[in-house]
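Below, each chain spelled out in residue letters.
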Amino acid sequence: MDISDKIRIIEDFPKKGISFKDITTLIRDGEAFKYVINTMADNLKDKNIKYIAAPEARGFILGSAVAYAMGVGFIPIRKPGKLPGETISYEYDLEYGKDELVMHTDAIDIGERVAIVDDLLATGGTVNALAKIVEKAGGIVAAMEFLIELEELNGRELNSEYEINSLVKYNV
Ligand SMILES: O=P(O)(O)OC[C@H]1O[C@H](OP(=O)(O)OP(=O)(O)O)[C@H](O)[C@@H]1O
Ligand SMILES: Nc1ncnc2[nH]cnc12
């Protein structure tokens, strides 16, 4: 199935020079959404995955559906101030700014295998921070799955120690 034509591109959002890849047009199409989730779940089978971890907000849309499809647990990775228990955090750079991610310290036990799911790989800062948090908690990052990869931003290089799969690639 060709899903690339379901992604809407909006230039100069959220600021000038950014070519924004909008996935809302893909996920409102039930067949395209299902295809993406099943493809990601299929890529992750036979990897002995215990949990899917995904960052808010767009990561939750895909990550929780992939976890459900695989019958494994879901770990939400949030912005600061949202999780009620004891947390581990990590600051990172975005294509357009800075941010911080937070996970419950007890979400992962030592040696448990985690797959990271997000809608888009740009600079790779978000998932790198997420991977470092998982490792800080004693988990193993078994793979990273993306719907979209912006190849020129070299997110793959920043995360070269991890297995990375993406479904649709763009130059910018
Ligand atoms: O590879 P990177 O350069 O780190 O960029 C990719 C991240 O940026 C976007 O999230 P954003 O922080 O805009 O948050 P949102 O999901 O809440 O819209 C996107 O959903 C990825 O998580
Ligand atoms: N160009 C882009 N489009 C959509 N989401 C993004 N997150 C980081 N860069 C992005």
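As named in an unreviewed UniProt entry, the protein chain is Adenine phosphoribosyltransferase, taken from Miniphocaeibacter halophilus.

**Let's talk about the nonpolar core**
Counting residues in each nonpolar core, the largest one holds 27 residues, and the members touching the most others are Leu44, Ile52, Val66, Leu147 and Ile148. Elements represented by at least two residues in this core include exactly helix H2 (30–44), helix H3 (58–70), strand S7 (113–121), strand S8 (140–150) and strand S9 (164–170). At six residues, the largest contribution of residues to this core is made by H2. Filtering out sequence-adjacent residues up to four positions away, isoleucine 52 remains in contact with Leu44, Gly63, Val66, Ala67, Met70, Val72, Gly73, Phe74, Ile75, Ala115 and Val117. The next biggest cluster of nonpolar side chains, apart from the first, holds 24 residues, and it includes Val114, Ile116, Val127 and Val141.

**Here's the deal with the layout of surface pockets**
To locate leftover empty space, one rolls a probe as large as a water molecule over the atoms. One number sums up the size of the largest pocket: a volume of about 480 Å³. Along its surface, the largest pocket is lined by 28 residues, and Arg58, Leu94, Tyr96, Leu120 and Thr126 are the ones closest to its centre. At the level of secondary structure, the elements contributing two or more residues to the lining of the largest pocket comprise strand S2 (19–22), H3, strand S5 (87–94), S7, helix H4 (125–136) and S8. Looking at the lining of the largest pocket element by element, the count peaks at four residues for S7. Residue classes in the lining of the largest pocket are distributed as 13 nonpolar, six polar and nine charged.

**Structural notes on the site of ligand 1**
Neighbouring residues of ligand 1: 16 residues in total, closest Asp118, Asp119, Thr123, Gly124 and Thr126. Separating an oxygen atom of ligand 1 from a side-chain N or O atom of aspartate 119 is a distance of 2.5 Å. Considering ligand 1 on its own, with 500 Å² of exposed area, one finds that the protein chains cover 87% of that surface. When residues of the shell around ligand 1 are traced back to their parent elements, those giving at least two are S7 and H4. Counting residues per element, the shell around ligand 1 draws most heavily on S7, which supplies four residues.

**Topic: the pattern of salt bridges**
Where charged atoms from two side chains of opposite charge approach closely, those side chains can pair. For the structure shown, the criterion picks out 13 salt bridges. Linking arginine 8 and aspartate 22 is a salt bridge whose minimum nitrogen-to-oxygen distance equals 2.8 Å. Note that arginine 8 is positioned in strand S1 (residues 8–11) and aspartate 22 in strand S2, a separation of 14 residues in sequence. The exposure class assigned to arginine 8 is partly exposed, which follows from its relative accessible area of 42%. For aspartate 22, a relative accessible area of 7% gives the class buried. We note a salt bridge from lysine 132 to glutamate 135, for which the minimum N-O separation is 3.8 Å. In this pair, lysine 132 and glutamate 135 both sit in helix H4, three residues apart, roughly one turn of the helix. One salt-bridge network, held together by shared partners, links Lys132, Glu135 and Glu161.

Definitions and cut-offs
- Residues numbered from 1 in each chain as written.
- Chains lettered and ligands numbered in written order.
- Predicted model: local features only at pLDDT ≥ 70, side-chain atom pairs only at ≥ 80, totals over all residues.
- Heavy atoms only, no water.
- Core = buried A, V, L, I, M, F, W, Y, C linked by side-chain atoms within 4.5 Å.
- Buried < 20%, exposed > 50% of the residue type's maximum accessible area, 1.4 Å probe, protein only.
- Helix = DSSP H or I, 4+ residues; strand = E, 2+ residues; numbered from the N terminus.
- Contact = heavy atoms within 4.5 Å.
- 1 Å grid on protein atoms, 1.4 Å probe; cavity = no way out; pocket = protein on both sides within 12 Å on 5 of 7 lines; lining within 4 Å.
- Points joined across faces, edges and corners; volume = space filled by probe spheres on them.
- Nonpolar A, V, L, I, M, F, W, Y, C, P; charged D, E, K, R; others polar.
- Near = heavy atom within 4 Å.
- Polar contact = N/O pair within 3.5 Å; in protein donor to acceptor, adjacent residues only side chain to side chain.
- Areas by Shrake-Rupley, 256 points an atom, 1.4 Å probe, with all protein chains shown as cover.
- Salt bridge = Lys/Arg side-chain N within 4 Å of Asp/Glu carboxyl O.

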